[in-house]
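Overview (structure and organization)
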Amino acid sequence: MATFTGPPVDSEPGIGALTLGGLLADVGALHATSEAIAFHEGGRPELHWTYSELASQARRFAKALVAAGTDKGTRVALLMGNRPEWVVGAFGVALAGGVLVPVNTLFEPPEMAHVLKHSDTAILVHQQRLASHPYDDQMRLIEPDLPYLRRRICFGTPSYDEFLAAGDAVDDSELDARSRAVSPFDDAIVIYTSGSTGVPKGVLHGHRAAALQCWRFAQQLCLDPSVRVWSAFPFFWTAGFCMVMGGTLAAGGCLVLQELFEPGETLALLETEKVTSP
């Protein structure tokens with residue numbers, strides 16, 4: 001059996017907390033007033049969040065999960081495009097002690113059913129639809145076949161607002177205690193393969209591995225707080241999660257989000273948001 005050794009992590013420059021919740025807390029404190037998220041959605045005002053606002057939104061999502069019954073290790077699935085609520089949800093799950101299950105937005109109902117059942121997903125947060133995928137309608141059909149699913153919350157409907165509002169009753173001290181109880185070696189995220197030659201396979205990653213890759217990508221890509229990053233990589237795969245989202249935030253840069261790639265809209269977005277790293 002091969003073994004690999006290297007310098008201790010604490011000797012590496014630029015490495016912070018080794019849990020995803022700790023990573024957000026670190027960058028939220030260090031870059032509180034800097035812009036973290038920029039998002040344009042047709043027909044709605046542009047959204048611009050500072051790191052402080054992102055951290056606040058993630059904590060509110062985390063408290064909503066606690067109110068919904070999330071315990072340490074509870075599987076929480078996200079089915080959304082690259083939008084602010086995805087980022088909020090991913091870090092909110094980590095803060096609450098849950099395990100994130102990102103669902104491929106290109107999946108058809110049989111694949112979604114397999115992933116949600118195989119991962120033992122207990123709470124699912126999804127958007128109503130994305131492009132030609134009517135997720136809300138599809139979920140109604142497959143929900144009876146998901147024995148471990150306790151709660152389904154649809155973004156863009158009253159159920160999402162009710163979900164968040166219920167968490168406002170959770171005390172900050174309770175959330176802080178839960179976040180401190182998360183170890184770098186606890187389970188953090190289950191990434192599913194594309195399933196091109198069979199059903200999707202789940203790959204379990206701990207907090208240490210995911211957080212470490214985020215910090216390292218920021219270093220290896222020479223990102224700094226002035227960077228403004230756009231990418232078509234979806235966040236439900238490791239490149240989008242660690243290299244794009246994680247690396248940008250670990251560096252204190254601004255993540256420019258686009259839910260669906262459309263060349264003309266992308267070029268306009270790159271110019272408007274003065275993207276430096278497409």
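What counts and what doesn't
Residue positions are counted from 1 within each chain, in the order its sequence is given. Residue-level local features of this predicted model are given only where pLDDT is at least 70; pairs of side-chain atoms are given and counted only at 80 or more, and the full residue set underlies all totals for whole chains, interfaces and linings. Working from all heavy atoms in the structure, the side-chain values ignore hydrogens and water. Numbering of helices and strands runs from the N terminus, with a helix taken as a DSSP run of H or I at least four residues long and a strand as a DSSP run of E at least two residues long. Buried, partly exposed and exposed residues are distinguished by accessible area as a fraction of the type maximum, computed with a 1.4 Å probe on protein chains only: under 20%, between the cut-offs, and over 50%, respectively. By definition, residues are in contact when any of their heavy atoms lie within 4.5 Å. Two N or O atoms form a polar contact when they lie within 3.5 Å of each other; inside protein one atom must be a possible hydrogen donor and the other a possible acceptor, and for residues adjacent in sequence the pair counts only when both atoms belong to side chains. When two rings of Phe, Tyr or Trp (its six-membered ring) have centres within 6.5 Å they constitute a pair, described as stacked for plane angles under 30 degrees, edge-to-face for angles over 60, and tilted for the intermediate range. Angles shown run from 0 to 180 degrees and are taken between the N-to-C directions of axes, each axis being a line fitted to C-alpha atoms and, for helices, limited to the stretch in contact. Residues are grouped as follows: nonpolar covers Ala, Val, Leu, Ile, Met, Phe, Trp, Tyr, Cys and Pro; charged covers Asp, Glu, Lys and Arg; every other residue, Gly included, is treated as polar.

As for its placement among the helices and strands, Ser-231 is situated in the loop between strand E9 (228-230) and helix H9 (238-251). Overall, the relative accessible area of 16% leaves Ser-231 in the buried class. As for Ser-231 and Gln-128, which are separated by 103 residues in sequence, their C-alpha atoms are 23 Å apart. Excluding residues within four positions of it along the chain, Ser-231 makes contact with Asn-82 and Val-244. A polar side-chain atom of Ser-231 sits 3.0 Å from the main-chain amide nitrogen of Phe-233.

Quick look at the packing of aromatic side chains now. If you walk through the whole model with that rule in mind, you get 7 aromatic pairs. Look at Tyr-160 and Phe-163: their rings are 6.2 Å apart centre to centre, the planes differ by 45°, and that puts the pair in the tilted class. Separated by 3 residues within a single helix, Tyr-160 and Phe-163 lie in helix H6 (residues 158-167), roughly one turn from each other. Judged on exposure class, the residue Tyr-160 and its partner Phe-163 are both buried. Taking the centre distance of 6.2 Å and the plane angle of 40° together, the rings of Trp-230 and Phe-261 count as tilted. Within this pair, whereas Trp-230 is found in strand E9, its partner Phe-261 is found in the loop between strand E10 (254-257) and helix H10 (263-272), the two being separated by 31 residues in sequence. A relative accessible area of 10% places Trp-230 in the buried class.

This part covers the side chain of Glu-273. By the element assignment, Glu-273 lies in the segment after H10. For Glu-273, a relative accessible area of 5% translates into the label buried. Looking at Glu-273, its side chain comes within polar contact range of the side chain of His-48, at 3.5 Å. With near-sequence residues (within four places) excluded, Glu-273 lies in contact with Glu-35, Ala-38, His-40, Glu-46, His-48, Arg-228 and Val-256.

This paragraph deals with the packing of helix H1 (residues 20-30) against helix H8 (residues 207-220). A packed helix pair is summarised by two numbers, namely the angle formed by the two axes and the spacing between the axes. It is the contact of H1 with H8, at a shortest axis distance of 8 Å, that shows an interaxial angle of 35°. When H1 is examined against H8, the residues Leu-20, Leu-23, Asp-26 and Val-27 are found in contact with a partner set consisting of His-207, Ala-210, Ala-211, Cys-214 and Trp-215. Its residues assigned to classes, the contact of H1 with H8 comprises 7 nonpolar, 1 polar and 1 charged.

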